[in-house]
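Descriptive structure summary
As a plain string of letters, each chain reads:
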Amino acid sequence: MLRFGILSTARIGRELVVPAIQDAENCVVTAVASRDIAKARAMADRFGAPHAFGSYEEMLASDVIDAVYIPLPTSQHVAWSLKAAEAGKHVLCEKPISLKAAEIEKLIAARDRHKVLIAEAFMVTYAPVWLKVRELLKDKAIGELKHVQGAFTYFNRDASNMRNIPELGGGALPDIGVYPTITTRFVTGAEPERVQAVTRRDPEFGTDIYSSVKADFGSFEMTFYVATQMAGRQVMVFHGTEGYIEVKSPFNADRWGAEEVELTSQKHDVSQIFRFQDSRQYRRQAEAFARAVKGEPAEVVTLENSLLNQRFIDAIYRASDHDGWEKV
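Only a predicted model underlies this, so the values are computations on that prediction, with no experimental measurement involved.

The rules behind these values
- Residues numbered from 1 in each chain as written.
- Predicted model: local features only at pLDDT ≥ 70, side-chain atom pairs only at ≥ 80, totals over all residues.
- Heavy atoms only, no water.
- Axes fitted to C-alpha atoms, helices over the stretch in contact; angles between N-to-C directions.
- Helix = DSSP H or I, 4+ residues; strand = E, 2+ residues; numbered from the N terminus.
- Parallel < 35°, antiparallel > 145°, perpendicular 65-115°, else oblique.
- Contact = heavy atoms within 4.5 Å.
- Nonpolar A, V, L, I, M, F, W, Y, C, P; charged D, E, K, R; others polar.
- Phe/Tyr/Trp six-rings, centres within 6.5 Å; stacked < 30°, edge-to-face > 60°.
- Buried < 20%, exposed > 50% of the residue type's maximum accessible area, 1.4 Å probe, protein only.

Across the interface, helix 4 (residues 77-86) lies against helix 5 (residues 101-114) with an axial gap of 9 Å and an inter-helix angle of 10°. In terms of their interaxial angle, helix 4 and helix 5 are classed as roughly parallel. Touching Val-78, Ser-81, Leu-82, Ala-85 and Glu-86 of helix 4 are Glu-103, Lys-106, Leu-107, Ala-110 and His-114, all from helix 5. When grouped by side-chain class, the residues that make up the contact of helix 4 with helix 5 number 5 nonpolar, 2 polar and 3 charged.

This structure, assessed with the given rule, holds 10 aromatic pairs. When the centroid spacing of 6.0 Å and the interplanar angle of 80° are considered together, the rings of Phe-122 and Tyr-179 count as edge-to-face. Taken together, the residues span a long stretch of sequence, with Phe-122 in the loop between strand 6 (118-121) and helix 6 (128-138) and Tyr-179 in helix 7 (residues 172-188) at a distance of 57 residues. When the centroid spacing of 6.0 Å and the interplanar angle of 80° are considered together, the rings of Trp-130 and Phe-238 count as edge-to-face. You can see Trp-130 sitting in helix 6 and its partner Phe-238 sitting in strand 11 (residues 229-240), a full 108 residues away along the chain. On the basis of relative accessibility, which here comes to 0%, the residue Trp-130 falls in the buried class. Clustering of aromatic rings is evident, with ring pairs tying together Phe-122, Trp-130, Phe-152, Tyr-179, Phe-238 and Phe-251.

Turning our eyes to something else, we now look at unusual backbone geometry. A cis amide bond links Lys-95 with the next residue in sequence, Pro-96, at an omega value of -15°. Looking at where Pro-96 falls in the secondary structure, it is placed in the loop between strand 5 (90-94) and helix 5. With a phi angle near 110°, Ser-8 is a residue other than glycine that sits in the positive phi range. Checked against the element boundaries, Ser-8 lands in the loop between strand 1 (2-7) and helix 1 (11-23). A positive phi angle, close to 60°, is found at Lys-115, a residue other than glycine.

Turning next to the environment of Ser-279. Looking at where Ser-279 falls in the secondary structure, it is placed in the loop between strand 14 (271-275) and helix 9 (281-293). Remark: the alpha-carbon pair of Ser-279 and Ala-141, spanning 138 residues in sequence, is separated by 23 Å. Those residues within four positions of Ser-279 in sequence are excluded, and the remaining contacts are Pro-128, Glu-259 and Arg-284.

As structure tokens, then:
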């Protein structure tokens, strides 16, 4: 069993990832660390973890864990991933693992130097819905892919929320813009060549709250928008010469709605719906990570993949500063 230590008591860990690790077949949570020992002990007791630490450094120095899961604010991801690697611990870090592509190059160097696994926690790449979309595209179920369309939005104007605090890495693109980009790249195996974009920022918070993006992948085009101050919406559509694929609940399938992929033919005379009950994408993520650590066959999000995805996001920011195309 791969022994995980949880670096902080953040909500995503408490509510989603830690329960998934405890439910997994090949890993377990053995420790929780917080700057408040009472919070660490309470969360450890909740999940039956035997160890609690009052500092992150103390847990990293211990021999009761093999790996860490990091759900800290985005601005702290790189620093603590590096510290964990230096301590000889494997790292599963929440997305985005970095706010700049150049920082990921430091993580790649640390990974190679310390011989550990560092992976970005993109749970969508383990979800059966996205594996199905990849399979359908590979099998030419919609002929030649010509266009990808996506949207991911929610409404949040809580000034105390990290998503609205620039210093903590807040903003729509870091929080949710990474999802249309990673999933499109995941299922197509293609990379964007250039982008155009419009980005708007909140005058009070300073964070980006809306981006509309057009990306040229060479053989197909992608358009999507993300927003943190619009009514909630999630959709991804892959449109080809012989039909199209719609992912009904693409990013938060376990909370948003039905885990479905609909394939519609060119003439709209045939429609197939693929349903996935309780896909447990967070559990699948933990199990794949644990297999990879052991050297067993497993597909995880490599840092090289993360680097390419962040270059996409970086290019969107640059493109937003001028009219016309920006090279990725």
